[in-house]
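Structural overview for review
Residue-level listing of the chains:
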4 protein chains.
Amino acid sequence: MGSDTNAQYVPEETDPAKIIVELCKLFYAQGWVTGTAGGMSIKDGDLVYVAPSGVQKERMNPVDLFVYDTKSKTYVSKPELYKPSACTPLFMACYEQRRAGACIHTHSQNAVMASLLWGREFRIANIEQVKAIPKVVEPGNLSFFDTLVIPIIENTAHEEDLAPDLEKALLEYPMAPAVLVRRHGLYVWGANVWKAKIINEAIDYLLELAVKMRHAGIDPAGDIGSEQLTRKI
Amino acid sequence: MGSDTNAQYVPEETDPAKIIVELCKLFYAQGWVTGTAGGMSIKDGDLVYVAPSGVQKERMNPVDLFVYDTKSKTYVSKPELYKPSACTPLFMACYEQRRAGACIHTHSQNAVMASLLWGREFRIANIEQVKAIPKVVEPGNLSFFDTLVIPIIENTAHEEDLAPDLEKALLEYPMAPAVLVRRHGLYVWGANVWKAKIINEAIDYLLELAVKMRHAGIDPAGDIGSEQLTRKI
Amino acid sequence: MGSDTNAQYVPEETDPAKIIVELCKLFYAQGWVTGTAGGMSIKDGDLVYVAPSGVQKERMNPVDLFVYDTKSKTYVSKPELYKPSACTPLFMACYEQRRAGACIHTHSQNAVMASLLWGREFRIANIEQVKAIPKVVEPGNLSFFDTLVIPIIENTAHEEDLAPDLEKALLEYPMAPAVLVRRHGLYVWGANVWKAKIINEAIDYLLELAVKMRHAGIDPAGDIGSEQLTRKI
Amino acid sequence: MGSDTNAQYVPEETDPAKIIVELCKLFYAQGWVTGTAGGMSIKDGDLVYVAPSGVQKERMNPVDLFVYDTKSKTYVSKPELYKPSACTPLFMACYEQRRAGACIHTHSQNAVMASLLWGREFRIANIEQVKAIPKVVEPGNLSFFDTLVIPIIENTAHEEDLAPDLEKALLEYPMAPAVLVRRHGLYVWGANVWKAKIINEAIDYLLELAVKMRHAGIDPAGDIGSEQLTRKI
């Protein structure tokens, strides 16, 4: 993996609705959005595309998506059968506070387990895969010796009520590339949809690895070499 | 995920036989119905479609299904090569006692492991994914702070002999969205086939997560915050 | 799952070579035959079809298979590029001693782990999935309360040298539906290719479940209820 | 599996660029190159094909690859949008020191976990799957009783800086079929692309199995029978 770049990826498909439909099928296959869980959104200029609430994420059609115009503050497309996603205010917070171009929300079990094993912050250090994560506050990605820190916020009864705590976490952790929601899942964003997808994949890989390290008695944020002193297997 | 709704899903395919064939391929890929295990049924008006006994669930054709007319109490379609599923009386109990529109039975290893680790009831609480589970006794779904309770019945030598205990569990647990069968698997139903599929996915996710929590020393039904006091890794 | 029958499955494809090619792709996707591991054979009348030695099992073509005529004791088809499988004598033993119609050999990690955790015999009892396993010595399948016993033989330097121990195990364990090879994998057979596939799936499911039970402190061959007394999680 | 041969595999596809594109999709599905991780290269005569840096490995097109002419020491094809892979010097070391025809680099979690649990060398012995691994210093593959040894080198801030340590490991371990990079992943090569793929699959299988053995209290390099004395489950 290149250490400091995500070269611009130019796929043939450019329709945000079709990309959301395609990627949600992929996320379903990963177990991240089964049982109608999760959500996804792309911002295309002034338009924000959002997958609807409570639908099977792997069986959507492009016409099922909500399309909101941030300029006119109205829905350009509002499918009658569905309700807008309760994730919408959280996606909007990422668009506004992080100038994101796309947001992904999953119920990944790696994220839920990490949220149960860590306290206020998830931390992992000295693992090559962090190089896929952007520094956020400046150009370029994290380096091998950097520590990835992801804040963990407490879950609320209604998903939309997470917005204030998510906004606060974005302010308090300017370098955070994602936010974990305890006993719930993960919110990730990126400058565009492909960067969001890459970052989501890299973070989920790191969450999975970190849980495995804990099972082996190894501190995922420990110094290089500490694993040999603490491992239990 | 929307907190209180499963918006109506309208797929193009509406033939119950074709849907059963398609979903059983999906369940096979999840490892839920390998080795001829499991079963599935859809109720379409007076007609009940059931996958046959002892066949490879991923290799059925629509003509392989049994179709029973609940009005005339006769089989409208009865493939010569096969035997009716031993699950049929259990599916019928769900149709009658829960006004279900579809039933799914799997041998999911998450279900079997949960049945070995819990006693008379499986319980999980304070996990976002429970919001995909209906309250059953009233409209709407469980909320984040609710506890999902699934009764566990003992297995019998012959699958059809499970019916009395399943019927009893349905009466004793009016809010139960499913029944676990110890050392055997899971029975799930829903108002229609897509709701049954969604509920099955959400419950399997929760069973898998709950077993992982137990391995980490965390009580899946414990209070929020208890995980930090009891975790072993 | 029907308790005492595997209804006759009639797929459209009947060419043994094409079925082997298709099923090996499926076994590859399960991780059972990666890295050229494993093997498969079908007996069709006097002809025995065998996948060649040392090839990528998911990338074979029907013409790549060896076809041996048991009547004339000559190869009817012997692809120049390949060597006959070292599994051939073991498959032949199953055909002769068990009147099998097909044999499957995998390097399943569940099989290898089970062979490391058990001594001379693998045992599991009181699990519904055993009902997919034939009794072998009489018609019908195991019942829920039966114990599945699979002998474990020691591995040898050359695969073909396993034949004497496999033949001995088949004699000593007339009810065995399969043989485990320590630190190596699993040999399974069936009256025809679909029964062999079903039995292989059911056994692999049981091996996987049994290893999970051991990790949880539960004896897979223990009495019903013993799990509550011994579980460690 | 044949004990001493990887019979020559002749696929229809022979274009190195198309093979890299196809195999990277496969590696992505295995979780080995998600989040732009990993890399792959084929040497075809004087030409070296390399997947670009920082791209989604499952979404490349053949025209996206860099093609370097080792004779003229110039790039024959250099896609404008991308940067050459930082793995390139490591692939070149394998081509020169091992006369390899193809190289694969993954971030497999099995590799990372093994690198955390072992010290300077990963070792596994007496497992059938090692027979898919070449002896390197002489024709033929390892036998069942052989010990597979893979050196583990320390990671560096920049991937290209790994080259000196990788070259040193290749010299110090003339029989090594691969090199592990601590907290990072795995480098594997082979005489041609299909042998590299087979060896990578076999090594990943062995790394996964070895980590499972450690969790069960079994030394993967222990004598046959030692597992019964040390197992903890």
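- As recorded in an unreviewed UniProt entry, chain A goes by the name Methylthioribulose-1-phosphate dehydratase, listed as coming from Wickerhamiella sorbophila.
- Quoted verbatim from the Pathway (unreviewed entry) field of the UniProt record, the comment on chain A reads "Amino-acid biosynthesis; L-methionine biosynthesis via salvage pathway; L-methionine from S-methyl-5-thio-alpha-D-ribose 1-phosphate: step 2/6."
- Turning to chain A, the UniProt record has this under Subcellular location (unreviewed entry): "Cytoplasm".

As for the overall build of chain A
- A tally of helices and strands in chain A yields 6 helices and 9 strands.
- Here the C-alpha radius of gyration of chain A, 18 Å, is about what a compact globule of 233 residues would show, namely 17 Å.
- Taking the principal axes of its C-alpha atoms as reference, chain A extends roughly 60 × 35 × 30 Å.
- For chain A, the residues scored as buried account for 64% of the 233 residues in total.
- Restricting the contact set of chain A to residue pairs at least 6 apart, pairs at least 24 apart contribute 62%.
- Carbon together with sulfur atoms contributes 50% to the accessible area of chain A, which is approximately 8300 Å² in total.

Focus: the interface of chain B and chain C
- Of the residues lining the interface, 38 residues belong to chain B; the matching set on chain C comes to 45 residues.
- Together chain B and chain C conceal approximately 3600 Å² of surface at their shared face, both sides included; 50% is due to carbon and sulfur atoms.
- At the boundary of chain B and chain C, one finds 3 salt bridges.
- Where chain B packs against chain C, one counts 17 residue pairs in polar contact (both at pLDDT 80 or more).
- When contributions to the side of chain B that touches chain C are tallied by element, the ones reaching two or more residues are α3 (109–117) and α5 (193–215) of chain B.
- Considering each element in turn, the side of chain B that touches chain C owes the most residues, 5 residues, to α3 of chain B.

Side note on a nonpolar patch on the surface
All names here are of chain A.
- A cluster of nonpolar side chains, namely Val136, Val137 and Met175, defines an oily patch on the protein surface of about 240 Å² accessible area.
- For Met175, the position within the fold is in the loop between α4 (163–172) and β8 (178–181).
- Exposure remark for Met175: the relative accessible area of 43% places this residue in the partly exposed category.

Focus on the sheet that holds strand β5 (residues 102–106) of chain B
All names here are of chain B.
- With mixed pairing, the 9 strands of this open sheet are ordered in space as β4-β3-β2-β1-β5-β9-β8-β7-β6. The sheet is open, and its two borders are formed by β4 (74–77) and β6 (121–125), each paired with just one other strand. Within this sheet the neighbouring strands show an average axis-to-axis angle of 20 degrees, counted without direction.
- Across the sheet, helix α2 (residues 88–98) lies against β1 (39–44), β2 (47–50), β3 (66–69), β4, β5 and β9 (185–190), angled at about 40 degrees from β1, the strand it touches most.

Notes on the packing of aromatic side chains
- Using the criterion set out here, one finds 24 aromatic pairs over all chains in the structure.
- Ring plane angle 45 degrees and centroid distance 5.7 Å describe the contact between Phe27 of chain B and Trp32 of chain B, whose orientation is recorded as tilted. Assigned by exposure class, Phe27 of chain B and Trp32 of chain B land together as buried.
- Grouping aromatic residues by their ring pairs yields a cluster made of Phe66, Tyr68 and Tyr75 of chain A.
- One Lys or Arg, Arg214 of chain C, reaches over the ring of Trp118 of chain C and ends 4.4 Å from the middle of that ring.

Notes on the side chain of Gln109 of chain B
- In this structure, Gln109 of chain B sits in helix α3.
- Exposure remark for Gln109 of chain B: the relative accessible area of 7% places this residue in the buried category.
- Here Gln109 of chain B is in contact with Tyr205, Glu208, Leu209 and Lys212 of chain C, once residues within four sequence places are set aside.

What to know about the UniProt feature "domain: Class II aldolase/adducin N-terminal" (unreviewed entry) in chain A
- UniProt tags residues 18–211 of chain A as "domain: Class II aldolase/adducin N-terminal" (unreviewed entry).
- For residues 18–211 of chain A, the end-to-end C-alpha separation is 34 Å, with 31% helix and 23% strand making up the annotated structure.

Re the relation of the copies chain B and chain C
- With an axial shift of 0.0 Å and an RMSD of 0.0 Å, the rotation relating chain B to chain C amounts to 90 degrees. Considering both components of the superposition, the chain copies are consistent with a four-fold axis. Using C-alpha coordinates, one finds that chain B approaches the rotation axis most closely at His215 of chain B, a distance of 6.4 Å.
- A distinct binding surface is used by each copy, with only 5% of the interface residues of chain B retained as interface residues in chain C.

As for the arrangement of the chains
- Separated throughout, chain A and chain C approach each other most closely at a C-alpha pair spaced 13 Å apart.
- Regarding chain B and chain D, the two do not touch, and the least distance separating their C-alpha atoms is 13 Å.

Focus on the relation of the copies chain B and chain A
- Screw-axis analysis of chain B against chain A gives a translation of 0.0 Å along the axis, an RMSD of 0.0 Å, and a rotation angle of 90 degrees.
- The residues that chain B uses at the interface reappear at the interface of chain A in only 5% of cases, marking distinct surfaces.

Considering the environment of Ala169 of chain C
All names here are of chain C.
- Here Ala169 shows up in helix α4 (residues 163–172).
- For the pair formed by Ala169 and Tyr205, sequence separation is 36 residues and the distance between their alpha carbons is 22 Å.
- Once you skip the residues sitting within four places of it in the chain, Ala169 turns out to touch Pro151, Ile153 and Val179.

Concerning a positive patch on the surface
- A contiguous patch of positive charge on the surface is contributed by Lys232 of chain A, Lys232 of chain B, Lys232 of chain C together with Lys232 of chain D.
- Relative to the helices and strands, Lys232 of chain D is located in the segment after α6 (226–230).

Comments concerning the interface of chain B and chain A
- In this complex, chain B contributes 44 residues to the contact, which on the side of chain A involves 37 residues.
- Taking both sides of the interface into account, the surface hidden between chain B and chain A amounts to around 3600 Å²; carbon and sulfur atoms contribute 50%.
- Between chain B and chain A we count 3 salt bridges in total.
- For Glu58 of chain A, the salt bridge goes to Lys197 of chain B, with nearest N and O atoms at 2.6 Å.
- On inspection of chain B and its partner chain A, the count reaches 17 residue pairs in polar contact (both at pLDDT 80 or more).
- Residue assignment for the side of chain B that touches chain A shows that the elements contributing at least two residues are α1 (16–29), α5 and α6 (226–230) of chain B.
- For the side of chain B that touches chain A, the leading source of residues is α5 of chain B, giving 11 residues.

A closer look at the pairing of β5 of chain B
Residue and element names in this part refer to chain B.
- Of all 5 residues in β5, 5 are buried; the element is thus mostly enclosed.
- On β5, burial covers both faces: Ala102, Ile104 and Thr106 on one face and Cys103 and His105 on the other are all buried.
- Examined bridge by bridge, β1 and β5 share 4 bridges and lie antiparallel to one another. Its bridge partner being in β5, Gly39 is matched across the sheet by His105.
- In this sheet, β9 lies alongside β5 in antiparallel orientation, the contact comprising 5 bridges. Within β9, the position partnered with Cys103 by the bridge is Trp189.

Some details on the sheet that holds strand β4 (residues 74–77) of chain D
All names here are of chain D.
- Here 9 strands make up an open sheet; going across it, the order is β4-β3-β2-β1-β5-β9-β8-β7-β6 and the pairing mixed. Looking at which strands have only one partner, the edges of the open sheet turn out to be β4 and β6 (121–125). Taken over all neighbouring pairs, the strand axes of this sheet differ in orientation by 20 degrees on average, direction set aside.
- Docked against the sheet, helix α1 (residues 16–29) engages β1 (39–44), β2 (47–50) and β5 (102–106), running at close to 155 degrees with respect to β1.

A short note on the UniProt feature "binding site: Zn(2+)" (unreviewed entry) in chain A
All names here are of chain A.
- Taken from the UniProt record, the annotation "binding site: Zn(2+)" (unreviewed entry) applies to His105, His107 and His184. Judged by maximum C-alpha separation, these annotated positions cover 80 residues in sequence but sit close together in space, the widest gap being only 10.1 Å.
- Among the secondary structure elements, His105 is positioned in strand β5 (residues 102–106).
- For His105, a relative accessible area of 0% translates into the label buried.
- With sequence-adjacent residues up to four places away left out, His105 is seen in contact with Val33, Gly38, Gly39, Cys87, Phe91, Glu159, His184, Leu186 and Tyr187.
- One polar contact links His105 to Glu159, side chain to side chain, over a distance of 3.1 Å.

Conventions used here
- Residues numbered from 1 in each chain as written.
- Chains lettered and ligands numbered in written order.
- Predicted model: local features only at pLDDT ≥ 70, side-chain atom pairs only at ≥ 80, totals over all residues.
- Heavy atoms only, no water.
- UniProt positions renumbered as here; feature names shortened; annotations may be inferred.
- Helix = DSSP H or I, 4+ residues; strand = E, 2+ residues; numbered from the N terminus.
- Rg over C-alpha atoms; globule rule 2.2 N^0.38 Å.
- Buried < 20%, exposed > 50% of the residue type's maximum accessible area, 1.4 Å probe, protein only.
- Contact = heavy atoms within 4.5 Å.
- Areas by Shrake-Rupley, 256 points an atom, 1.4 Å probe, with all protein chains shown as cover.
- Buried area = accessible area lost by both parts, 1.4 Å probe.
- Salt bridge = Lys/Arg side-chain N within 4 Å of Asp/Glu carboxyl O.
- Polar contact = N/O pair within 3.5 Å; in protein donor to acceptor, adjacent residues only side chain to side chain.
- Patch = residues over 30% accessible without salt bridge, like charges linked within 9 Å, V, L, I, M, F, W, Y side chains within 5 Å.
- Pairing = 2+ DSSP bridges.
- Axes fitted to C-alpha atoms, helices over the stretch in contact; angles between N-to-C directions.
- Phe/Tyr/Trp six-rings, centres within 6.5 Å; stacked < 30°, edge-to-face > 60°.
- Lys NZ or Arg CZ within 6 Å of the ring centre and 35° of its normal.
- Least-squares fit on C-alpha atoms with pLDDT ≥ 70 in both.
- Lys, Arg positive; Asp, Glu negative; His and termini not counted.
- Charge placed at Lys NZ, Arg CZ, Asp CG, Glu CD.

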